[in-house]
Amino acid sequence: MQKITKEVYLKWYEDMLFWRKFEDKLAAVYIQQKVRGFLHLYNGQEAVLAGALHAMDLSKDKMITAYRNHVQPIGMGVDPKRVMAELYGKATGTSQGLGGSMHIFSKEHGFYGGHGIVGGQIPLGTGMAFGDKFGGKEAVTICCFGDGAARQGALHESFNLAMLWKLPVVYVCENNGYAMGTSVERTANHTDVWKLGLGYEMPCGPVDGMNPVKVAEAFDEAIQRARRGDGPTFLELKTYRYRGHSMSDAQHYRTKEEVEEYKKIDPITQVKEVILENKYATEAEIKKIDKRVKDLVSECEKFAEESPFPELNVMYDSVYEQEDYPFLQHKL
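Below you will find a few notes about this structure. (Residues numbered from 1 in each chain as written. Predicted model: local features only at pLDDT ≥ 70, side-chain atom pairs only at ≥ 80, totals over all residues. Heavy atoms only, no water.)

Before going further, it helps to spend a moment on the packing of aromatic side chains. Throughout the structure, instances matching the rule amount to 13 aromatic pairs. Measuring from centroid to centroid gives 5.5 Å for Tyr9 and Trp12, while their planes differ by 80°, and the two rings are edge-to-face. With a gap of three residues between them, Tyr9 and Trp12 both fall in helix α1 (residues 6-31), about one helical turn apart. Pair check on accessibility: Tyr9 and Trp12 agree, each one buried. Ring centres 4.7 Å apart and planes at 45° place the aromatic pair Phe159 and Tyr171 in the tilted group. Of this pair, Phe159 sits in helix α6 (residues 153-164) while Tyr171 is found in strand β3 (residues 169-175), placing the two residues 12 residues apart along the sequence. What makes Tyr171 buried here is its relative accessible area of 0%. Taken together, the ring pairs in this structure connect Phe145, Phe159, Tyr171, Tyr200 and Phe234 into an aromatic cluster. Geometry around Phe309 places Lys90 over its ring, the cationic atom sitting 4.8 Å from the centre. (Phe/Tyr/Trp six-rings, centres within 6.5 Å; stacked < 30°, edge-to-face > 60°. Helix = DSSP H or I, 4+ residues; strand = E, 2+ residues; numbered from the N terminus. Buried < 20%, exposed > 50% of the residue type's maximum accessible area, 1.4 Å probe, protein only. Lys NZ or Arg CZ within 6 Å of the ring centre and 35° of its normal.)

Soluble globular proteins tend to pack their nonpolar side chains together in the buried interior. Counting 61 residues, the largest nonpolar core has Trp12, Trp19, Phe22, Leu26, Ile142, Val170 and Phe219 as the members making the most contacts within it. Here the element with the most residues in this core is α1; it accounts for 12 residues. Not counting the four nearest positions on each side in its chain, Phe22 is found in contact with His70, Ile74, Pro80, Val83, Met84, Leu87, Val297 and Cys300. One finds Ile64, Ile122, Ala162 and Val169 within the second-largest nonpolar core, a separate group that totals 22 residues. (Core = buried A, V, L, I, M, F, W, Y, C linked by side-chain atoms within 4.5 Å. Contact = heavy atoms within 4.5 Å.)

What follows covers empty space enclosed by the protein. A complete count under the given rule lists one cavity of 30 Å³ or more for this structure. By volume, the largest cavity is sized at about 40 Å³. Along the walls of the largest cavity sit Tyr42, Val48, Leu49, Ala52, Met63, Gln72, Ile142, Cys144, Glu174 and Phe219, which together make up its complete lining. Elements represented by at least two residues in the lining of the largest cavity include exactly α2 (46-55) and β2 (141-146). Considering each element in turn, the lining of the largest cavity owes the most residues, three residues, to α2. (1 Å grid on protein atoms, 1.4 Å probe; cavity = no way out; pocket = protein on both sides within 12 Å on 5 of 7 lines; lining within 4 Å. Points joined across faces, edges and corners; volume = space filled by probe spheres on them.)

Axis separation between α1 and helix α9 (residues 267-277) bottoms out at 9 Å; the angle between their running directions is 150°. Classified by the interaxial angle, the pair formed by α1 and α9 is roughly antiparallel. With respect to the hand of their crossing, α1 and α9 are arranged in left-handed fashion. Contacts between α1 and α9 involve Tyr9, Leu10, Trp12, Tyr13, Met16, Leu17 and Arg20 from the first element and Pro267, Ile268, Val271, Lys272, Val274 and Ile275 from the second. A class-by-class count of the residues in the contact of α1 with α9 yields 11 nonpolar, no polar and two charged. (Axes fitted to C-alpha atoms, helices over the stretch in contact; angles between N-to-C directions. Parallel < 35°, antiparallel > 145°, perpendicular 65-115°, else oblique. Left-handed = near helix turned anticlockwise from the far one by under 90°. Nonpolar A, V, L, I, M, F, W, Y, C, P; charged D, E, K, R; others polar.)

We now examine the side chain of Asp147. Structurally, Asp147 is set in the loop between β2 and α6. Buried and unpaired, Asp147 has Arg151 as its nearest opposite-charge partner, separated by 6.5 Å. Separated by 3.4 Å, the side chain of Asp147 and the backbone nitrogen of Asn176 make a polar contact. Polar contacts involving the side chain of Asp147 include one to the main-chain amide nitrogen of Ala179, which spans 3.3 Å. (Lys, Arg positive; Asp, Glu negative; His and termini not counted. Salt bridge = Lys/Arg side-chain N within 4 Å of Asp/Glu carboxyl O. Polar contact = N/O pair within 3.5 Å; in protein donor to acceptor, adjacent residues only side chain to side chain.)

Put into structure tokens, the structure is as follows:
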């Protein structure tokens, strides 16, 4: 892993701030009904992505996650304007506007979705890692999911085979405390999700998911293990989301005081404090970064607003059709 330098901290600050403001803008345009359907925002969990990206080799490693998936592809190199356009359902989006909020995708940049089925990406990520091992590649798959998905049976099937075949995959539970509105305490008789790996003798453990340094160190160890051929790791990233599960979440299951308490350890604030304490940048230079972020978010919004909707035939062109499908033939 590259040393965590002044430049890394400045990049983390700008990246995480952009991801936060990008999601804030989506919340605003969602209320205006410019973005429809479900919308799950990443506010508060940015340190997980920042730390992971620092440890990954983006020239070959892959990532797959659930439906809280707007900023991950941006971090991996996808043009944020195209991500914004996809959320608007526009033709210039990552999937020509056909995927929407929950299904951002970019094979070119190693981002394999956004998946709406809870836990559905876990066996898919396992299969991706199997394909890389079978093909003799050095790629590692980062497979992310929430604490709710950790209760899916597919996780256990995947863990079993990943250990059996020593697959190059890092399983990541982004534990933000609530599966939709259900707290971790109400879903199992233990709250240490990482211990699920113990039954498979899989290297596993908890990580401070609000600190990008701790995240980067944990990911680096897990990725290097996978790249050596020593198999998977299961990391439980203890994090928190400041917004609801989705935009329709009234958040009756937690107090405002709880949210404010977690904001005291906001990953963006933590990084900014390190930058100022170590004189990596002045307040004036920080303000320049803030303005760059604001301007880029505005560019994304303008691009999405001005992009055209896809032609109707695009929707039909993307649906598989076999005219002579035997079960559909009506025999007289």
